[in-house]
Amino acid sequence: MSTSGDDIPDNVNRAGLPAEAIFAVDAAQRSAASAAVRRGSLRRIVQGVYTRDLETPLDVLVRTRLLEVVAAVRPGALIADRSATLGGRPTGDNLLFLVHE
């Protein structure tokens, strides 16, 4: 992990939040994320998962970036069963099969 000159890791912004477009927060980052939502610089997708994309409707964002959302919600999950045979896409009835602890 590299850092910039002011000891902030490259993957974290000055508010202490991950720099990715879609990300999950831990307990220590929760208040910073809530404050960013109130300021209008973040949107909440689901509890603990946020996006910096303020323009795209959430249903479109989740549909087009589903695997990033899934990775934030269930880190380490594996796509399984019918979803795996479909190349990681949801089934015709919009189910995504995962294996997770």
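In short, a report on the structure. (Residues numbered from 1 in each chain as written. Predicted model: local features only at pLDDT ≥ 70, side-chain atom pairs only at ≥ 80, totals over all residues. Heavy atoms only, no water.)

### Thoughts on the pattern of salt bridges
Phase 1 of the analysis: Summed over the entire model, instances satisfying the criterion amount to one salt bridge.
Phase 2 of the analysis: Glu68 serves as the salt-bridge partner of Arg65, at 2.7 Å between the closest nitrogen and oxygen. (Salt bridge = Lys/Arg side-chain N within 4 Å of Asp/Glu carboxyl O.)

### A short note on the nonpolar core
Phase 1 of the analysis: Formed by Leu17, Phe23, Val25, Ala33, Ala36, Leu42 and Tyr50, the largest nonpolar core amounts to seven residues.
Phase 2 of the analysis: In this structure Val25 touches Leu17, Arg30, Ala33, Gly48 and Tyr50, once residues within four positions along its chain are discounted.
Phase 3 of the analysis: Residues Ile22, Ile45, Val69 and Ala72 belong to the second largest nonpolar core, which totals six residues. (Core = buried A, V, L, I, M, F, W, Y, C linked by side-chain atoms within 4.5 Å. Buried < 20%, exposed > 50% of the residue type's maximum accessible area, 1.4 Å probe, protein only. Contact = heavy atoms within 4.5 Å.)

### Topic: the sheet that holds strand S1 (residues 22–24)
Phase 1 of the analysis: One open sheet holds the three strands; their spatial order is S1-S3-S2, and the pairing between them is antiparallel. Where the open sheet ends on each side, the last strands, each with one partner, are S1 and strand S2 (43–46). Strand after strand, the sheet turns through a mean of 35 degrees between neighbouring axes, direction not considered.
Phase 2 of the analysis: Against the sheet, helix H3 (residues 66–73) makes contact with S1, S2 and strand S3 (49–51), and its axis sits at roughly 10 degrees relative to S1, the strand it touches most. (Pairing = 2+ DSSP bridges. Helix = DSSP H or I, 4+ residues; strand = E, 2+ residues; numbered from the N terminus. Axes fitted to C-alpha atoms, helices over the stretch in contact; angles between N-to-C directions.)

### A closer look at the pairing of S2
Phase 1 of the analysis: Across three bridges, the pairing between S2 and S3 is antiparallel. Each residue of the ladder has a partner; that of Arg43, found in S3, is Thr51.
Phase 2 of the analysis: Hairpin connection from S2 to S3: two residues lie between these consecutive antiparallel strands, with Gly48 at a positive phi of about 85 degrees.

### Examining the environment of Leu95
Phase 1 of the analysis: By secondary structure assignment, the location of Leu95 is in the loop between helix H4 (81–85) and strand S5 (98–99).
Phase 2 of the analysis: Since its relative accessible area comes to 38%, Leu95 is described here as partly exposed.
Phase 3 of the analysis: Counting along the chain gives 13 residues from Leu95 to Arg82, while the straight-line C-alpha distance between them is 9.0 Å.
Phase 4 of the analysis: Setting aside residues up to four positions removed in sequence, Leu95 forms contacts with Arg82, Ser83 and Pro90.

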